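Listed here are the chains, written in short residue letters.
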Amino acid sequence: RYQRWSIVDGRLRRRTCRSGMDTMSEKPIDGLSESFTRDEYISPEIFATEMKKIYGTNWCFAGLSENLSKIGDRLVVDIGDESILILRNRDNELRAFYNVCQHRGSQLCDASGSGFGAAITCPYHSWSYSVEGNLIATPLHEKDSIDRSAISLKPVKVAQWQAFIFVSLDPNAPELIDWLESHYSRPRQLEKFDMTSLKNARTTVDEVKANWKVLGENYSECLHCAVVHPELVDLVPIYKTGTTIQADRPDWGVSLAEGATGLSFKQNENLPLLPAMDEIDDYSVFGAYVYPNMLIDISPTVAVITRYVPRSATHTTIFTDYLFPKDAVDNPEVDLEPTISFSDLVNQQDISVCVRVQRGVASKSFTRAYHTKMERYCKQLIQRYRSEIS
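What to know about the pattern of salt bridges
Logical step 1: Considering all chains together, one arrives at 14 salt bridges under this definition.
Logical step 2: For Glu93, the salt bridge identified is with Arg95, shortest N-O distance 3.1 Å.
Logical step 3: Note on Glu93: relative accessible area 34%, which makes it partly exposed.
Logical step 4: For the salt bridge of Glu388 with Arg384, the shortest nitrogen-to-oxygen distance reads 3.3 Å. Here Arg384 and Glu388 lie together in helix α9 (residues 376-389), a separation of 4 residues that amounts to about one turn.
Logical step 5: What emerges from the salt-bridge pattern is a single network uniting Glu93, Arg95 and Glu132.

Now the structure itself:
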């Protein structure tokens, strides 16, 4: 017997089949475990289910807190299949709402930006809302002709961890810190690098013709590193072996090559180190996949933060932020380009192979992917996915 995932009446179903009764079935293969199926990589119906059951229930990384530095500043982000508006109120607290005017349903804000006096004004009829989501102005109507107290923006759960804003569309979602603790990648161990103290030097945006799970799987293993990332493995020798952690390091850090001081095209640049990095015996790198849409990559001089925004089963937008100590970003004489360019090279190499995978899994000859024992973090990804999608 084996289990197979398929679409029935527009919903993802798991069924148990007997060997020989399904022409698409395959016998178990020694040394391999089953990963995602072809449909899970390409199906619009399954993608729609993911947006509801995964992106509609988990906390999702939405952006950097520094982008909401002033009262009324707004962050417009796509979470699942919803547009969300995030603000900072007059008490310096985060607020999040569905980006929808409650008058006639117009989208309120098209893009992130300055608060412009804090009020949120609909571009359709100019109804305005406070940063608390309350209706405060209805032009061309008598002041008392509408009970404004009965109309307000629909709230969404929002919270901050380190320098990062998270949103959950599930009103019953657990506290963000508790949710982070549930991750196999142990992101809270990275708190020692005090990412709140860092500043973003640049944001890059890539439109990628690949499913978000293809990207997540790629990040979760390093069997490809020696082939795809020759520049990276020269600086991080353990990656040449296909592993992502060193057995002799309980902190899950990985040492740089002897003489290397950072992930950069230039070494010994004397860039300021991230907080706590000078307390570590070796120059090191750390990483965490914060399921479902965030990657954190820490190296001696930069924290590279990645956000996935799934657009369809075959399209993902990738936002990448490069966070350095503030003194480095604010000093025009400090050259951050060798470090940013190196990380972007690795990113583009990953994107290239993920696009190649997406083209391959669309083939009618492809049934499902597999994981080896060395891809244990990929297995963690699929186990969590299975528990939520069923």
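Notes on the state of the cysteines
Logical step 1: Enumeration over the complete set of coordinates arrives at 1 disulfide.
Logical step 2: A sulfur-sulfur separation of 2.0 Å characterises the disulfide bridge that pairs Cys222 with Cys225. Disulfide Cys222-Cys225: the torsion about the S-S bond is -105°, which places it as left-handed.
Logical step 3: Look at Cys225 and you get buried, because its relative accessible area is 4%.
Logical step 4: No disulfide involves Cys101; its sulfur sits 4.0 Å from the nearest other cysteine sulfur, which is in Cys122.

Overview of the pairing of strand β18 (residues 315-325)
When a strand is regular, its side chains alternate between the sheet's two faces.
Logical step 1: Burial of β18 is extensive: 9 of the 11 residues sit out of reach of the surface.
Logical step 2: The sheet contact formed by strand β13 (residues 198-208) and β18 spans 10 bridges and is antiparallel. Each residue of the ladder has a partner; that of Leu198, found in β18, is Pro325.
Logical step 3: Pairing analysis gives 9 bridges linking strand β17 (residues 303-312) to β18, with the strands arranged antiparallel.

Re the nonpolar core
Logical step 1: Judged by nonpolar contacts, the single largest core of 44 residues is most densely connected at Ile79, Ile84, Ile86, Val167, Trp212 and Tyr385.
Logical step 2: Setting aside residues no more than four positions away along its own chain, Ile79 makes contact with Tyr55, Cys60, Phe61, Ala62, Ile84, Val167 and Leu169.
Logical step 3: Ala159, Ala276, Ile298 and Ala303 belong to the second-largest nonpolar core, a separate cluster that totals 29 residues.

Regarding the sheet that holds strand β8 (residues 120-121)
Pairing between the strands of a sheet comes from backbone hydrogen bonds, and it takes one of two forms, parallel or antiparallel.
Logical step 1: Sheet architecture is open: 3 strands sit in the order β8-β9-β10, paired in antiparallel fashion. The open sheet has two free edges, formed respectively by β8 and β10 (135-137), since each of these has just one partner strand.
Logical step 2: Bridge analysis of strand β9 (residues 128-129) against β10 gives 2 bridges, and the strand direction is antiparallel. Bridge pairing links Tyr129 to Leu135 in β10.

Looking at the sheet that holds strand β12 (residues 164-168)
Logical step 1: With antiparallel pairing, the 6 strands of this open sheet are ordered in space as β4-β12-β11-β7-β6-β5. The sheet is open, and its two borders are formed by β4 (59-64) and β5 (74-79), each paired with just one other strand. Across the sheet, the mean angle separating the axes of adjacent strands is 30° when strand polarity is ignored.
Logical step 2: One ladder, built from 5 bridges, connects strand β11 (residues 155-161) with β12; its direction is antiparallel. Bridged to Lys157 within β12 is Ser168.

Points about the confidence of the model for the protein chain
Logical step 1: Taken as a whole, the protein chain shows an average pLDDT of 92; of its residues, 93% reach a score of 70 or greater.
Logical step 2: Here residues 16-25 is modelled with pLDDT under 50, and outside its nearest four sequence neighbours on either side it reaches 16 contacts, counting other chains as well.

Cut-off values and rules
Numbering of residues starts from 1 in every chain and runs along the sequence as written. Restriction of local features to residues with pLDDT of at least 70 applies here, the model being predicted, together with a cutoff of 80 or more for giving and counting side-chain atom pairs; totals for whole chains, interfaces and linings are based on all residues. Neither water nor hydrogens contribute to the side-chain values; these are computed over all heavy atoms in the structure. The term salt bridge refers to a pairing of a side-chain nitrogen on Lys or Arg with a carboxyl oxygen on Asp or Glu at a separation within 4 Å. Burial classes follow relative accessibility: with a 1.4 Å probe on protein chains only, a residue under 20% of its type's maximum area counts as buried, one over 50% as exposed, and anything between as partly exposed. In DSSP terms, a helix is any run of H or I states spanning at least four residues, a strand is any run of E spanning at least two, and both are numbered starting from the N terminus. A pair of cysteine sulfur atoms is labelled a disulfide when the two atoms are within 2.5 Å. In this description, strands pair whenever DSSP reports at least two bridges between them. Each nonpolar core is a collection of buried residues, namely Ala, Val, Leu, Ile, Met, Phe, Trp, Tyr and Cys, held together in the definition by side-chain atoms within 4.5 Å. It only takes one pair of heavy atoms within 4.5 Å for two residues to be counted as in contact. What counts as an axis is a line fitted to C-alpha atoms, over the stretch in contact for a helix, and the angles between N-to-C directions run from 0 to 180 degrees. Each residue gets a pLDDT score, which is the predictor's confidence in that residue and runs from 0 to 100.

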